[in-house]
Amino acid sequence: MKSLACAVLTVSDTRTAADDTSGDLLAELLESAGHRLAGRAIEKDDVYRIRARVSAWIADPEITVVLTTGGTGFTGRDCTPEALIPLFDKTIEGFGELFRQLSYDEIGSSTVQSRAVGGLANGTLIFALPGSNNAVRTGWEKIIEKQLDIDNRPCNFAELIPRFQEAR
């Protein structure tokens, strides 16, 4: 197992450190998998605040993965994809597609309201998940955990991280 330095961002107008259950769950899951929590924050649903926080993390050579929870829906304030996509050097198209496919088995057609996205920015992997605990667990356990496990076969992102870092 190769331990990766990960940052967790909760995007919410209402959550605080006292009731950030999806951020807590994501931090717990990544640490249980042997990774290190290198940053944690809560930002309001504001494109520029989200972008500033994630930009600081992708500029930090220590952080290799940024995981966000929340702000991926369709309400007027949901803006996580709009904040993140302009930062991506490359989009991980299959992440959102696979997340919605897996989510369909759990919540049916409501999955069309998920705008989960993934990408690579300055050598840093970024995954944006919906804000529910169930969505965080699905995204982590069925996709992200395996892609951050260097022993996952036939391939994984963890083994490519040194090559991603060449872009820095």
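This one's a predicted model, so the numbers in the text were calculated from it and none came from an experiment.

Mapped onto the secondary structure, Thr 69 falls in strand S3 (residues 65–69). One polar contact links the side chain of Thr 69 to the main-chain carbonyl oxygen of Pro 130, over a distance of 3.1 Å. What Thr 69 contacts, discounting residues up to four positions off in sequence, is Leu 9, Thr 10, Val 11, Ser 22, Gly 23, Leu 26, Leu 129, Pro 130, Gly 131 and Val 136.

This brings us to the environment of Ile 58. The topology assignment puts Ile 58 in helix H2 (residues 47–59). Between the alpha carbons of Ile 58 and Glu 82 there is a distance of 17 Å; along the sequence they are 24 residues apart.

Glancing now at the pattern of salt bridges. As enumerated under the stated definition, the model contains 11 salt bridges in all. For Arg 49, the salt bridge is made with Glu 43, and the minimal N-O distance between the two is 3.1 Å. Residue classification places Arg 49 among the partly exposed residues on the basis of a relative accessible area of 43%. Notably, a salt bridge pairs Glu 159 with Arg 153, separated by 3.3 Å at the nearest N-O pair.

This next bit is on the nonpolar core. In terms of nonpolar packing, the biggest core is built from 29 residues, with Val 65, Leu 67, Phe 95, Leu 125, Phe 127, Trp 140 and Ile 144 touching the most fellow members. Listed by contribution, the elements that provide at least two residues to this core are strand S1 (5–11), helix H1 (21–32), S3, helix H4 (93–107), strand S6 (124–129), helix H5 (133–147) and helix H6 (161–164). With five residues, H5 is the largest single contributor of residues to this core. Ignoring any residue separated from it by four or fewer positions in sequence, one finds Val 65 in contact with Leu 4, Ala 5, Cys 6, Ala 7, Thr 124, Leu 125, Phe 127 and Leu 148. Grouped together as the second largest cluster of nonpolar side chains are 20 residues, Ala 7, Trp 57, Ala 121 and Ile 126 included.

What follows deals with the sheet that holds S6. Pairing is mixed in the open sheet, where six strands are placed in the order S2-S1-S3-S6-S5-S4. Sheet topology places strand S2 (36–43) and strand S4 (90–91) at the edges, where each strand pairs with a single neighbour. When S1 meets S3, the two strands line up parallel, connected through five bridges. In the strand pairing of S3, Ala 7 is matched with Val 66. Contacting S1, S2, S3 and S6, H1 crosses the sheet at an angle of about 170° to S2. The strands that H4 touches are S4, strand S5 (117–121) and S6; relative to S6, the one it contacts most, it runs at about 30°.

Calculation rules
- Residues numbered from 1 in each chain as written.
- Predicted model: local features only at pLDDT ≥ 70, side-chain atom pairs only at ≥ 80, totals over all residues.
- Heavy atoms only, no water.
- Helix = DSSP H or I, 4+ residues; strand = E, 2+ residues; numbered from the N terminus.
- Polar contact = N/O pair within 3.5 Å; in protein donor to acceptor, adjacent residues only side chain to side chain.
- Contact = heavy atoms within 4.5 Å.
- Salt bridge = Lys/Arg side-chain N within 4 Å of Asp/Glu carboxyl O.
- Buried < 20%, exposed > 50% of the residue type's maximum accessible area, 1.4 Å probe, protein only.
- Core = buried A, V, L, I, M, F, W, Y, C linked by side-chain atoms within 4.5 Å.
- Pairing = 2+ DSSP bridges.
- Axes fitted to C-alpha atoms, helices over the stretch in contact; angles between N-to-C directions.

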